[in-house]
Amino acid sequence: MNIPTHLKYAASHEWSKAESDGTITVGITDHAQEALGDIVFLELPVIGRVLKVGEECAVVESVKAASDIYAPVSGEVIAINQAVADVPESVNSSPYDNWLFRIKPSNPTEMAAQLSALLDADAYAATL
Amino acid sequence: MPERTPLYAAHLAAGARIVDFAGWEMPIHYGSQIEEHHAVRRDAGLFDVSHMCALDLIGPDATRFLRHLLANDVAKLATTGRALYSCMLNESGGVIDDLIVYFFTPTCYRLVVNAGTAEKDITWMQAQLAGFDAKITSRRGGEDESEKKHALAMLAVQGPQVRERFWAAFPASRAATESLAPFHACEWPTDKGLWLIARTGYTGEDGFEITLPASAAAEVWQKLIATGIKPCGLGARDTLRLEAGMNLYGQDMDETTSPLDTGLAWTIDKQDANRDFIGKSALATRRAAHQFIGLLLLERGILRAHQKVITPLGEGEITSGTFSPTLNQSIAFARLPIGSIGVPLGSEVDVEIRDKRLKARVVKPPFVRNGKSLL
């Protein structure tokens, strides 16, 4: 199971990466893609949507099931990965390269607290 | 404690992802459900279906009993090895289960019923046997030594290349099976016991379903894989059967629906007016409550069971939905309002998927047969 140490994780199997420009990039973990099986459709949030931490904001559908994706931090969706929406199976082959969306946090102080509430690689591995 | 088939260790060795299916630990896929689906459509795939339950019905009244028990009529099975698909109904015409019955002699039949319904089915059949001289025996195995000794496993090999590959693995079976017509079976004696090889399946492809002694299953499984037949899990089995227009018990039908509600009116045989089968009188007054039809999603998304369908005649519901790997778009079965004429084929309806309404076209199943789109 691939769990990169430079990312943070939610128990609901999203990974989050703090970018140098202050935004947060979000995707799903290797464990999530494997559990879902062949991914065939992604429903990504609309750019400009303002999310609250823990809010349902995207759906990953495999052949067998639909799975909700939750916002790891509060903020505005500033980008979605349309290329991966067009080729959803790329999430299966490379879940950490094929991010789903980016959030610009609404409040940097709040974001720091929300990020620190996420799991590091070891803690996430322990939940699996 | 979940049940396991004789091939559980073989599944793990082949890299299976195991899930619970009706109390059985079964492979959902061995890496990619879509690759397994394509293997069956384009080449050859192998399924462990030993979780399904084979029942032997033996006795002087076997034929008379089945003519009473089943909505389809076993009287049409005049030659040894012929198979028949039928619903088993309750008194109100609801479907207790769907099954395949194989005819050997008028006093000897084999029935194959679904995994999740097997116990309920056996209880129902035992209750109906009063007054008939016949006995039902489960061949799925059990706790005592005699049951274990007689336990059977079931393998399905499906796909356009399956026959050649099967004969490559078991050359001596060719003479017995080469002229086997669809929905016919033959017994084939081997040094590891008697096999029943049937030209039946659940994928819309040509193939065989093989019932054999459980003790021989692992060796046969390996031999078939060695010919290049790909092991396939229940995930691919579901997408294949939906493309092929085949119902799944518990999803597309159950005890609250009659065969009329689920596209299975053709399995009710009323040719012999004197035959009184369970559910017949209820069906005489029961009309189809719904139109059972196929949907093809015209936009991006995935149709799933229980999504609401909005039509000019009112609301309907999807009973089975999935992504179709062959068509590369989403398909479903749905129960739609019937009105006076039903929703016409080719018309467009809306499906509610989360907070959106997406367009779908009403089509007649099956969607795919022998690897080709029928749309």
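Everything quoted here is computed from the prediction, not taken from an experiment.

Rules used throughout
Residues numbered from 1 in each chain as written. Chains lettered and ligands numbered in written order. Predicted model: local features only at pLDDT ≥ 70, side-chain atom pairs only at ≥ 80, totals over all residues. Heavy atoms only, no water. Helix = DSSP H or I, 4+ residues; strand = E, 2+ residues; numbered from the N terminus. Buried < 20%, exposed > 50% of the residue type's maximum accessible area, 1.4 Å probe, protein only. Polar contact = N/O pair within 3.5 Å; in protein donor to acceptor, adjacent residues only side chain to side chain. Contact = heavy atoms within 4.5 Å. Pairing = 2+ DSSP bridges. Axes fitted to C-alpha atoms, helices over the stretch in contact; angles between N-to-C directions. UniProt positions renumbered as here; feature names shortened; annotations may be inferred. Phe/Tyr/Trp six-rings, centres within 6.5 Å; stacked < 30°, edge-to-face > 60°. Lys NZ or Arg CZ within 6 Å of the ring centre and 35° of its normal.

Draft legend 1. Geometry of the side chain of B:Arg275. All names here are of chain B. Note that Arg275 resides in the loop between α9 (234–243) and α10 (280–285). For Arg275, a relative accessible area of 5% gives the class buried. Polar contacts involving the side chain of Arg275 include one to the main-chain carbonyl oxygen of Arg67, which spans 2.7 Å. When neighbours within four sequence positions are excluded, Arg275 is seen to be in contact with Arg67, Leu70, Ala71, Asn72, Asp73, Asp269 and Lys280.

Draft legend 2. Summary view of the sheet that holds strand β15 (residues 308–311) of chain B. Residues and elements named next belong to chain B. Here we have six strands rolled up into a closed barrel, ordered β14-β17-β16-β15-β18-β19, and antiparallel in their pairing. Each strand axis lies, on average, 40° off the axis of its neighbour in the sheet, ignoring direction. Two strands pair when backbone bridges link them, and strand β16 (residues 314–324) and strand β17 (residues 329–336) are joined in this way by seven bridges, in the antiparallel orientation. What sits directly across from Phe323, in β17, is Ser330. Against the sheet, α9 contacts β16 and β17, and its axis sits at roughly 125° relative to β16.

Draft legend 3. Spotlight on the UniProt feature "modified residue: N6-lipoyllysine" (unreviewed entry) in chain A. Per the UniProt record, "modified residue: N6-lipoyllysine" (unreviewed entry) is found at A:Lys64. As for its placement among the helices and strands, A:Lys64 is situated in the loop between β6 (56–62) and β7 (66–70). What A:Lys64 contacts, discounting residues up to four positions off in sequence, is A:Ala35, A:Leu36, B:Arg17, B:Ile28, B:Gln33 and B:Arg304. Within polar-contact distance, the side chain of A:Lys64 engages the backbone oxygen of A:Ala35 at 3.1 Å.

Draft legend 4. View of the UniProt feature "binding site: substrate" (unreviewed entry) in chain B. All names here are of chain B. Sequence positions flagged by UniProt for "binding site: substrate" (unreviewed entry) are, in local numbering, Glu209. Along the chain, the position of Glu209 falls in strand β12 (residues 207–213). Apart from residues lying up to four places away in sequence, Glu209 is in contact with Tyr102, Leu155, Ala156, Leu196, Ile197, Ala198, Thr200 and Gly201.

Draft legend 5. Expanded view of the packing of aromatic side chains. Applying the stated criterion across every chain, the model contains twelve aromatic pairs over all chains. Measuring from ring centre to ring centre gives 5.1 Å for B:Phe170 and B:Trp195, while their planes differ by 75°; the resulting arrangement is edge-to-face. A residue pair is termed long-range when its members are at least 10 positions apart, and B:Phe170 in the loop between α6 (162–169) and α7 (174–177) and B:Trp195 in strand β11 (residues 193–198) qualify at 25 residues. For the pair formed by B:Phe170 and B:Trp195, the shared burial category is buried. With 5.2 Å between their ring centres and 80° between their planes, B:Trp188 and B:Trp195 make a pair best called edge-to-face. Three or more aromatic residues link up through ring pairs in this structure, and these residues are B:Phe166, B:Phe170, B:Trp188, B:Trp195 and B:Phe208. Just above the ring of A:Trp99 sits the side chain of A:Arg102; from NZ or CZ to the centre is 4.2 Å. The aromatic ring of B:Tyr8 is capped on one face by B:Arg4, whose charged end is 4.0 Å from the ring centroid.

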